[in-house]
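Observations on the model geometry
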Amino acid sequence: MPERNVLWKLWGVSLLWGFNYVASAYLLRDFSPIFLSFARLVVMSLFLISVAVINKSIRRPTSREWGLLLFAGIFGTLFNQLFYFTGLQHSTAGNAALIIALSPIATLLLSRLFLKEEVTWLKLCGSVVALVGVVCIVLYGGKTLGISKGDVYLLLAMLGMSISLLFIRRLTSGMSSYEVTIYSTVIGTILMSPAVGVEALQGHLHASHHLLTWLLLIGVAVIGQGVAGFWWNQGIAVVGPSTSAMFMNIPPFIAIIVSFFLLGDPIRAAQVGGGILILAGVMIANMKRRQPREIGAGI
C-alpha cells in the first residue's frame, strides 16, 4: 500500500483516538476501570475474530511469532489498557494527555536502541515541537503537574505501548497487520481476566445498567479500537514505529474539540496554540529530506 494512504489512515486513527479519549472519560462514570478495559477488549476480540472467520485468511503463527505476539499482547494490550484506565481514574486529564504524549519520544529512543532505526533531525525536531504543543494544552490556566499514583500508572501505560511497537514491527515483517492485531488483542484480553477477578473479589467492580452506555462501549471498541487497530499496525509496518507514534500527539487536541461540542468545555487560546504546534510537529516529523540533484538531471 502506498505510504501516503497509510499516513491518511494514521490521521484517521488520531481522530478516532481523540473521540475515544472523551468517550473513555464518560464511560468511567458508570464502569470500574479494570472492568471497562476488559469489557472493551472482549468486544474488540469478538469483532476481530469475526473478521478472521469471514476472511478465512488468518494463519497459524510460528513458534517465534507466538513469543513475539505474547510480548506484544502483554505490553500493548494488557499493561497499556490496565494502567491507562486505572491511571485515568487517579490522575487528571491534563497529566494523562501529557504522559501518553511522551510515547513518541520513548519510541524513538527504543527504536534506535533495539532496532537500530535511524533517528533523523526532522523526527527529533518534530517530536520536540509536538511535545511543546502538548505541554501548552495541559498547562493552561497556570496548573502545576505533580507526580501521583495515577501519573505512575499512566507512565507505565505509555511505556507499555512504546515497547509493544517494537514487537509489532518485528511481527509485521512476516505477518499481516490484521493478523498481528487479532492475536495480540486476544492474548491480552485472556491475560487480563485474572485482573477482573481480583477487582470483583475486592468489591470494586461495577458496571452500567443503561443500554445506551453499553452501545457506546461497543461502538468505541469496534470502531475506535478494532478498525483503528488495523490501521495503526498497518502504519507501523509501512512507515515504522517512531513515525507512527508521532500521531499519538494529535488525540489530545482532537479530544479538546470534541469536548467543546459534546460536553460544553471551553476552548482556550493556549489550547489552540498547542494544537497548532502538535499538528506542525507531526508534519515536520513526516517531511522527507530532499536529495541533492545530480548535475544534468532533468535536462
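Residues numbered from 1 in each chain as written. Predicted model: local features only at pLDDT ≥ 70, side-chain atom pairs only at ≥ 80, totals over all residues. Heavy atoms only, no water.

As for the pattern of salt bridges
A complete count under the given rule lists one salt bridge for this structure. Taking the shortest distance from any N to any O, the salt bridge between Arg 59 and Glu 65 comes out at 2.8 Å. By relative accessible area, which is 29% here, Arg 59 ends up partly exposed. Judged by its relative accessible area of 8%, Glu 65 falls in the buried class. (Salt bridge = Lys/Arg side-chain N within 4 Å of Asp/Glu carboxyl O. Buried < 20%, exposed > 50% of the residue type's maximum accessible area, 1.4 Å probe, protein only.)

Remarks on the packing of helix H1 (residues 3-27) against helix H11 (residues 251-262)
Relative to each other, H1 and H11 sit at 55 degrees, their axes nearing to 7 Å. In terms of orientation, H1 lies oblique with respect to H11. H11 is crossed by H1, and the crossing has right-handed handedness. Facing H1, whose interface residues are Ser 14, Leu 15, Trp 17, Gly 18, Phe 19, Tyr 21 and Val 22, H11 presents Pro 251, Ile 254, Ala 255, Val 258 and Ser 259. (Axes fitted to C-alpha atoms, helices over the stretch in contact; angles between N-to-C directions. Helix = DSSP H or I, 4+ residues; strand = E, 2+ residues; numbered from the N terminus. Parallel < 35°, antiparallel > 145°, perpendicular 65-115°, else oblique. Left-handed = near helix turned anticlockwise from the far one by under 90°. Contact = heavy atoms within 4.5 Å.)

Considering empty space enclosed by the protein
Counting across every chain of the model gives one cavity of 30 Å³ or more. Those elements giving two or more residues to the lining of the largest cavity turn out to be H1, helix H2 (33-55), helix H3 (63-90), helix H4 (93-100), helix H7 (149-171), helix H8 (177-201), helix H9 (211-239) and H11. Looking at the lining of the largest cavity element by element, the count peaks at seven residues for H3. Taken together, the residues of the lining of the largest cavity sort by class into 18 nonpolar, 14 polar and one charged. (1 Å grid on protein atoms, 1.4 Å probe; cavity = no way out; pocket = protein on both sides within 12 Å on 5 of 7 lines; lining within 4 Å. Points joined across faces, edges and corners; volume = space filled by probe spheres on them. Nonpolar A, V, L, I, M, F, W, Y, C, P; charged D, E, K, R; others polar.)

Observations regarding the packing of aromatic side chains
For the structure on display, the rule yields 13 aromatic pairs. Aromatic side chains Trp 17 and Trp 232 sit 4.9 Å apart centroid to centroid with 55 degrees between the ring planes, which places their arrangement in the tilted category. Here Trp 232 lies in helix H9 and Trp 17 lies in helix H1, a separation of 215 residues in the sequence. Owing to a relative accessible area of 5%, Trp 232 belongs among the buried residues under this scheme. (Phe/Tyr/Trp six-rings, centres within 6.5 Å; stacked < 30°, edge-to-face > 60°.)

Here's the deal with the environment of Phe 83
Of note, Phe 83 is situated in helix H3. Placed 71 residues apart in sequence, Phe 83 and Leu 154 show a C-alpha to C-alpha distance of 6.0 Å. Excluding residues within four positions of it along the chain, Phe 83 makes contact with Tyr 153, Leu 154, Leu 156 and Ala 157.

Notes on the environment of Ala 130
Relative to the assigned elements, Ala 130 resides in helix H6 (residues 121-138). Expressed as a C-alpha distance, the spacing of Ala 130 and Ala 280, which sit 150 residues apart in the sequence, is 7.0 Å. With near-sequence residues (within four places) excluded, Ala 130 lies in contact with Met 246, Asn 249, Leu 277, Ile 278 and Gly 281.

Here's the deal with a nonpolar patch on the surface
On the surface, Ile 257, Phe 260, Phe 261, Leu 262, Ile 267, Val 272 and Ile 276 cluster together to form a nonpolar patch covering roughly 670 Å² of accessible area. The set of elements that each furnish at least two residues to the nonpolar patch consists of H11 and helix H12 (269-285). If you tally residues by element for the nonpolar patch, the top one is H11, at four residues. Mapped onto the elements, Ile 267 comes out in the loop between H11 and H12. (Patch = residues over 30% accessible without salt bridge, like charges linked within 9 Å, V, L, I, M, F, W, Y side chains within 5 Å. Areas by Shrake-Rupley, 256 points an atom, 1.4 Å probe, with all protein chains shown as cover.)

Let's talk about helix H5 (residues 103-114)
Its 12 residues place the ends of H5 16 Å apart at the C-alpha level, agreeing with the 16 Å of an ideal helix rising 1.5 Å per residue. Within H5, burial applies to Ser 103, Pro 104, Ala 106, Thr 107, Leu 108, Leu 110 and Ser 111. Phi for Lys 116, located one or two positions after H5, is positive at around 55 degrees. (Expected span 1.5 Å × (residues − 1).)

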